[in-house]
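If you want the building blocks of each chain, they are given just below.
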Amino acid sequence: MTFSLFKSNPGSRRSVIPGFGITLGLTITWLSLIVLIPLAGLFLKSATLSFDQIVAILTSPRTLSALRVSFGISLGAAAINAVFGVIVAWILVRYDFPFKRVADAFVDIPFALPTAVAGIALTSLYAPNGWIGSLLEPLGIKVAFTPLGILVALVFIGLPFVVRTVQPVIEDMDKELEEAATALGATRRQIIWRVILPVIFPSIATGFALAFARAVGEYGSVIFIAGNLPLVSEIAPLLIVIRLNEFAYAQATTIAAAMLVISFVLLFIINLLQRWSARYAR
Amino acid sequence: MSIEVKNVSRVYGSFAALNNVSLSVKKGELIALLGPSGSGKTTLLRIIAGLDWPDAGDISLNGKSVIGEGASERGVGFVFQHYALFKHLSVFENVAFGLRVRPRATRPSNDEIKDRVMRLLKLVQIDWLADRSVTQLSGGQRQRVALARALAIEPEVLMLDEPFGALDAKVRLELRRWMRRLHEEMGMTTIFVTHDQEEAMELADRVVVMGQGKIEQIGTPQQIYGHPINPFVYEFLGQVNRLPCTVAGGVATIPGVAVEPSFRVRQFDGPGVAYIRPHDLEATPGKDDGVVRVLAPSGPTIKFEVELKNGNGSVEVQMNTGRFEALKIAPGMSVGLIAHTFKVFDPSQVDGEANGTTSSAAHA
């Protein structure tokens, strides 16, 4: 009887990829220590406030403005990067030109540079007396110490995310697809819209999400160039730091928790979009 | 559509992919471009389709030069070796692609597109897969989608690059027969590239044998197989034994092999190399030209090696299994050899030494 039981069920405990139990355990422990517990602490701390207090903090004009500035400009910067990052990736993959490798290496610099350094460099460039700022000044365009300056800083730090996620996909793209479309009578523009973009769109969405997430959390470069005027160019992370300096910890965690929820919802939507766009390629 | 290729050359760096190639194809013909890899056959196909440009020469379709036109203007159907299907589109949308990208004035309505695509999918026998993703299809089904997609634009010429190369043997045979029928039904000019001589022989009206950027011979399968004009074509079209010989007054003498008494070699005199197909050789017991070594029975015929006693290596012999059994030939037995028919080439035309069997280049 026992024998037949064993026989009837020989393969159920075996898997081609063993170690599911231990790796899942490690993953959960690790994620908990690094991500989940600190984030849970955020919500716990906020919960020391009453519901009315929380609503009051979140609906105060300064908080709303900071959140609007942070998310609005981050989305804008990610969108700009999605366009120009794809062009940079395309050029780096498809064409040969002198110093291509150097140009390729330059893309990673925003990854490596301390963000404060980037912020100071951009500020001195775009300040009214800086190289670029002095050229824009007569046109009535002010970059440094305005929300536009925040945009410039966030575009800077987000660029490599789009380039590095899209680049390998363009590299893998079969040139025969474009040839096939040409032979079927498609124009160059139709090929871009109907063949190339659908193939690279999922990677653009991923790059967009990464650049956006990075921009929302960015602090170092922005505070130098933004001017940090409350209600105008104050970002949410700065407001959190200000509240911390005032020892208003629960207020700080409340704003942080709000950022977390908004980010999560936005990233979730981008993720859905990305899955939808890749529905056939699975 | 008739196709005229005039003195086309194409150089990649220092490698001449095509060297002054000329070819004319009549309307409705089914042409095979046959050759080993690197012979320029795919380059020629791509140049005719407008996916590549010649460094010199001219291409005319229906008597009109199209050298200034790209692939999108030439209106040829092209089927890629690895299908090049659009993975982000369903089977239906892949086939509809060529119709959807037309300028509004000539674009069929959605209903017409639907009708036409479904008709094509039925023609290639995969209408039940219309809504699938192409990533879910087998190789043979993908090939059919690629074909339907190329046919959707109603091309006057269909071009296929190694159309059956990536399929397993059974599917390949099936698709090959089916494509021949399709060609007969639709009657469009068709050119396909292959390195498989059997495929070229079975399908094509005419075969163009290419080697090292040049056309070696053009002819019907019978002409090509029966009368190869040079050693390259001879060797490419199947296994062949190469043996030194001398010809005097049309009578050939091959050391170690007897020659059918009535056989005459035309237009050749002096020392040469005899090219003998295995099935044109026969072994007879009771003589002592060589020793039977290895046997390889394959259905109705049997192939075996005979090691020549005169030191000229081994030759391959292919015989009818019935005849072989009647003669009671066995490994280790001494046999005589008779060549029924063969061709003699000048030794200067032949690369390598003239002894033993050379395997068909198609398997290289």
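Scroll up for the structure.
Rules used in this analysis
- Residues numbered from 1 in each chain as written.
- Chains lettered and ligands numbered in written order.
- Predicted model: local features only at pLDDT ≥ 70, side-chain atom pairs only at ≥ 80, totals over all residues.
- Heavy atoms only, no water.
- Helix = DSSP H or I, 4+ residues; strand = E, 2+ residues; numbered from the N terminus.
- Buried < 20%, exposed > 50% of the residue type's maximum accessible area, 1.4 Å probe, protein only.
- Contact = heavy atoms within 4.5 Å.
- Areas by Shrake-Rupley, 256 points an atom, 1.4 Å probe, with all protein chains shown as cover.
- Salt bridge = Lys/Arg side-chain N within 4 Å of Asp/Glu carboxyl O.
- 1 Å grid on protein atoms, 1.4 Å probe; cavity = no way out; pocket = protein on both sides within 12 Å on 5 of 7 lines; lining within 4 Å.
- Points joined across faces, edges and corners; volume = space filled by probe spheres on them.
- Nonpolar A, V, L, I, M, F, W, Y, C, P; charged D, E, K, R; others polar.
- Pairing = 2+ DSSP bridges.
- Polar contact = N/O pair within 3.5 Å; in protein donor to acceptor, adjacent residues only side chain to side chain.
- Expected span 1.5 Å × (residues − 1).
- Bend = angle between axes of the 7 residues up to and from the residue.
- Axes fitted to C-alpha atoms, helices over the stretch in contact; angles between N-to-C directions.
- Parallel < 35°, antiparallel > 145°, perpendicular 65-115°, else oblique.
- Left-handed = near helix turned anticlockwise from the far one by under 90°.
- Core = buried A, V, L, I, M, F, W, Y, C linked by side-chain atoms within 4.5 Å.
- Buried area = accessible area lost by both parts, 1.4 Å probe.
- Phe/Tyr/Trp six-rings, centres within 6.5 Å; stacked < 30°, edge-to-face > 60°.
- Lys NZ or Arg CZ within 6 Å of the ring centre and 35° of its normal.

Participant: What is the right way to read the overall build of chain B from this model?
Facilitator: Each helix and strand in chain B was counted, giving 10 helices and 20 strands. Principal-axis analysis of the C-alpha atoms places the extent of chain B at approximately 80 × 45 × 35 Å. Counting all 364 residues of chain B, 53% fall into the buried class. In chain B, 66% of the contacts between residues at least 6 apart in sequence involve partners at least 24 apart. Of the roughly 16000 Å² of accessible surface on chain B, a fraction of 50% belongs to carbon and sulfur atoms.

Participant: Teacher, can you tell me more about the pattern of salt bridges here?
Facilitator: Note that side chains of opposite charge can pair when their charged atoms are close. Residues and elements named next belong to chain B. This model, assessed by the stated rule, comprises 28 salt bridges over all chains. One salt bridge connects Arg-10 with Asp-55, and the closest N-O pair in it is separated by 3.5 Å. Here Asp-55 lies in the loop between α1 (41-49) and β4 (56-61) and Arg-10 lies in strand β1 (residues 3-12), a separation of 45 residues in the sequence. Salt-bridge contacts for Arg-180 lead to Asp-205; the nearest nitrogen and oxygen are separated by 3.3 Å. Separated by 25 residues along the polypeptide, Arg-180 in helix α6 (residues 169-186) and Asp-205 in the loop between α7 (197-203) and β9 (206-211) bring together distant segments of the chain. When salt bridges that share partners are traced, they join Arg-172, Arg-176, Arg-177, Asp-196, Glu-199 and Glu-202 into one network.

Participant: Looking at this structure, I do not really get empty space enclosed by the protein. What am I missing?
Facilitator: Residue and element names in this part refer to chain B. Considering all chains together, one arrives at 3 cavities of 30 Å³ or more under this definition. Each pocket or cavity is described by its volume, and for the largest cavity that value is around 60 Å³. Around the largest cavity, the lining residues are Leu-151, Leu-158, Met-179, Leu-182, His-183, Met-186, Met-188 and Thr-190. Looking at which element gives the most residues to the lining of the largest cavity, the answer is α6, with 4 residues. By residue class, the composition of the lining of the largest cavity is 6 nonpolar, 2 polar and no charged.

Participant: What exactly am I supposed to notice about the sheet that holds strand β16 (residues 301-308) of chain B here?
Facilitator: The strands making up a sheet associate through hydrogen bonds between their backbones, and the pairing can be parallel or antiparallel. Residue and element names in this part refer to chain B. If you walk across this open sheet you meet the 5 strands as β13-β18-β15-β16-β17, and the pairing is mixed. Each edge of the open sheet is held by one strand with a lone partner, namely β13 (258-259) and β17 (314-320). In terms of strand pairing, β13 meets strand β18 (residues 334-339) through 2 bridges, oriented parallel. By the bridge assignment, Val-259 is partnered in β18 with Ala-339.

Participant: Hey, could you run me through the environment of Glu246(A) in this one?
Facilitator: For Glu246(A), the position within the fold is in the loop between α13 (236-245) and α14 (249-277). Only 3.0 Å separates the side chain of Glu246(A) from the side chain of Arg243(A), close enough to count as a polar contact.

Participant: For this particular structure, what's the right way to read helix α2 (residues 20-46) of chain A?
Facilitator: All names here are of chain A. Taking 1.5 Å as the rise per residue, α2 with 27 residues should run 39 Å; its terminal C-alpha atoms sit 36 Å apart, in good agreement. The largest bend along α2 reaches roughly 55° and is located at Ser-32. Turning to α2, its buried residues number three or more, namely Ser-32, Leu-42 and Ser-46.

Participant: I would appreciate a short explanation of the packing of helix α4 (residues 61-94) of chain A against helix α9 (residues 147-172) of chain A in the present structure.
Facilitator: The relative placement of two packed helices is expressed as an angle between their axes plus a distance between the axes. Residue and element names in this part refer to chain A. As a packed pair, α4 and α9 sit with axes 5 Å apart at the nearest point and diverge in direction by 40°. Taken together, α4 and α9 sit at an angle that is classed as oblique. In this structure, α4 crosses over α9, and the sense of that crossing is right-handed. Grouping the constituent residues of the contact of α4 with α9 by class yields 21 nonpolar, 6 polar and 2 charged.

Participant: What is the right way to read the packing of α4(A) against helix α11 (residues 188-217) of chain A from this model?
Facilitator: All names here are of chain A. Closest axis-to-axis distance for the α4/α11 pair is 8 Å, and the angle between their directions is 135°. Here α4 lies oblique to α11, going by the angle between them. Note that α4 runs across α11; the crossing there is right-handed. Along the contact surface, α4 presents Phe-71, Ser-74, Leu-75, Ala-78, Ala-79, Ala-82, Val-86 and Trp-90, while α11 presents Arg-188, Ile-196, Ile-200, Ile-204, Phe-208, Ala-211, Phe-212, Ala-215 and Val-216. In terms of residue class, the contact of α4 with α11 is built from 15 nonpolar, 1 polar and 1 charged.

Participant: What should I look at first to understand the nonpolar core in this one?
Facilitator: In globular proteins that are soluble, nonpolar side chains generally tend to be buried together. Grouped together as the largest cluster of nonpolar side chains are 80 residues, with contacts concentrated most on Leu33(B), Leu44(B), Phe97(B) and Ile191(B). Of all the elements, α11(A) adds the most residues to this core, at 11 residues. Not counting chain neighbours up to four residues away, the residues in contact with Leu44(B) comprise Val5(B), Leu18(B), Val21(B), Leu23(B), Leu33(B) and Met210(B). In terms of nonpolar packing, the next biggest core, distinct from the first, is built from 48 residues, Phe92(B), Ala130(B), Ala146(B) and Ala204(B) among them.

Participant: Whenever I open this one, the interface of chain B and chain A confuses me. Can you help?
Facilitator: Where interface size is given, it is often the accessible area lost as the parts come together that is meant. Tallying the contact residues gives 24 residues for chain B and 18 residues for chain A. For the chain B and chain A pair, buried surface summed over both sides reaches about 2000 Å², with 64% attributable to carbon and sulfur atoms. Sorting the residues of chain B by area buried against chain A places His88(B), Phe97(B) and Val101(B) first, and these three jointly supply 30% of that buried surface. One can count 1 salt bridge joining chain B with chain A. Here Arg46(B) and Glu179(A) are joined by a salt bridge, their closest N and O atoms 2.6 Å apart. In this structure, the connection of chain B to chain A is made through 4 residue pairs in polar contact (both at pLDDT 80 or more). Per-element tally for the side of chain B that touches chain A: the top contributor is helix α3 (residues 91-100) of chain B, with 3 residues. Split into classes, the residues belonging to the side of chain B that touches chain A amount to 13 nonpolar, 7 polar and 4 charged.

Participant: Help me understand the packing of aromatic side chains in this model?
Facilitator: Where two aromatic rings form a pair, the distance of their centres and the angle of their planes describe that pair. For the structure shown, the criterion picks out 12 aromatic pairs over all chains. Aromatic side chains Phe247(A) and Tyr249(A) sit 6.3 Å apart centroid to centroid with 90° between the ring planes, which places their arrangement in the edge-to-face category. For Tyr249(A), a relative accessible area of 40% puts it in the partly exposed group. Between Phe232(B) and Phe236(B) the ring centres are 6.1 Å apart and the planes differ by 5°, which places this aromatic pair in the stacked class. A residue pair is termed a helical-turn pair when its members lie 3 or 4 positions apart in one helix, as Phe232(B) and Phe236(B) do in helix α9 (residues 231-236) at 4 residues. Classification of Phe236(B) as buried rests on a relative accessible area of 1%. Grouping aromatic residues by their ring pairs yields a cluster made of Tyr234(B), Tyr275(B) and Phe345(B). A cation over a ring is seen here: Arg144(B) above Trp178(B), with NZ or CZ 4.9 Å from the ring centre.

Participant: Teacher, can you tell me more about unusual backbone geometry here?
Facilitator: Glycine aside, negative phi is the norm for most residues, and most peptide bonds take the trans geometry. Residue and element names in this part refer to chain A. Phi angles above zero are rare outside glycine, and Asn-228 is one such case at about 55°. Of note, Asn-228 is situated in the loop between α12 (220-225) and α13. Overall, Asn-228 belongs to the partly exposed group, its relative accessible area being 23%.

Participant: Just checking my understanding: could you explain the pairing of strand β3 (residues 30-34) of chain B for this structure?
Facilitator: For a regular strand, side-chain orientation follows a simple rule: the groups alternate between the two sheet faces. Residue and element names in this part refer to chain B. By the criterion of burial, β3 is predominantly enclosed, with 5 of the 5 residues buried. The side-chain alternation of β3 yields two buried faces, one formed by Leu-30, Ala-32 and Leu-34 and the other by Ile-31 and Leu-33. As paired elements, β3 and strand β8 (residues 189-194) share 5 bridges and run parallel to each other. Opposite Leu-30, over in β8, you have Thr-190 as the bridge partner. As paired elements, β3 and β9 share 4 bridges and run parallel to each other. By the bridge assignment for β9, Ala-32 is matched with Val-207.

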